[in-house]
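Notes for the structure review
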Amino acid sequence: MAVPPDDPYAVWLGHALAAASATAGSGDVPIGAVVLSAEGEVIGTGWNVREAEGDPTGHAEVVALREAGRHTGSWRLDGCTLAVTLEPCAMCAGAAMLARVERVVFGAWDPKAGACGSVWDLPRERRALHRVEVIGGVREQECSALLLDFFDKRRPSRDAGEGDGSRR
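Residues numbered from 1 in each chain as written. Predicted model: local features only at pLDDT ≥ 70, side-chain atom pairs only at ≥ 80, totals over all residues. Heavy atoms only, no water.

For the rest of this paragraph, the subject is the packing of helix H1 (residues 8–20) against helix H5 (residues 140–154). Running from N to C, H1 and H5 cross one another at 10°; their axes reach a closest spacing of 11 Å. As judged from the angle between their axes, H1 and H5 are roughly parallel. Contact residues: H1 offers Leu13, Leu17 and Ala20, while H5 offers Glu142, Cys143 and Leu146. Of the residues belonging to the contact of H1 with H5, the class tally is five nonpolar, no polar and one charged. (Axes fitted to C-alpha atoms, helices over the stretch in contact; angles between N-to-C directions. Helix = DSSP H or I, 4+ residues; strand = E, 2+ residues; numbered from the N terminus. Parallel < 35°, antiparallel > 145°, perpendicular 65-115°, else oblique. Contact = heavy atoms within 4.5 Å. Nonpolar A, V, L, I, M, F, W, Y, C, P; charged D, E, K, R; others polar.)

Quick look at the structure:
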């Protein structure tokens, strides 16, 4: 799919999709994330490492936020954008809020655990100390296809009469 050069969100999701490819062979769900400075420079990159590192907090977003903090020398990521291939869960949405990112941009919606509009909407919670702009559905088909392909390969074939037919 051609990405318009004037669409920064689509370009940022391209970086996140590239990061997701780092999970190949690890058993981790292929989710990638990048943190961009206010100027659009990638200052943090992450992908899921839960399986590879046995880390329950090893979500792509947390890994990218940690790297961005090391890059800037601060936990405050004011003016930064977190771009991720899947809608962040409650832990990752909370981490983005606590890091004070300006916005979260994501690809695929997560109707089971999404915390940026699907199941919960933590970044826009009126009682939160810091609210985050959320832009969802950017390059959604590509991001969804990556996840569906991963799960299709891990689950028994429906043609073999196994499984319940669910995708997740």
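Now that the structure is up, let's keep going.
If you check UniProt for "binding site: Zn(2+)" (unreviewed entry), the listed places come out as His59, Cys89 and Cys92 in our numbering. A compact arrangement is adopted by the annotated residues: their sequence extent is 34 residues, whereas the largest C-alpha distance between any two is 9.3 Å. As for its placement among the helices and strands, Cys89 is situated in the loop between strand S3 (81–86) and helix H4 (90–98). Given a relative accessible area of 18%, Cys89 falls into the buried group. On the secondary structure map, Cys92 appears in helix H4. The class of Cys92 is buried, set by a relative accessible area of 1%. (UniProt positions renumbered as here; feature names shortened; annotations may be inferred. Buried < 20%, exposed > 50% of the residue type's maximum accessible area, 1.4 Å probe, protein only.)

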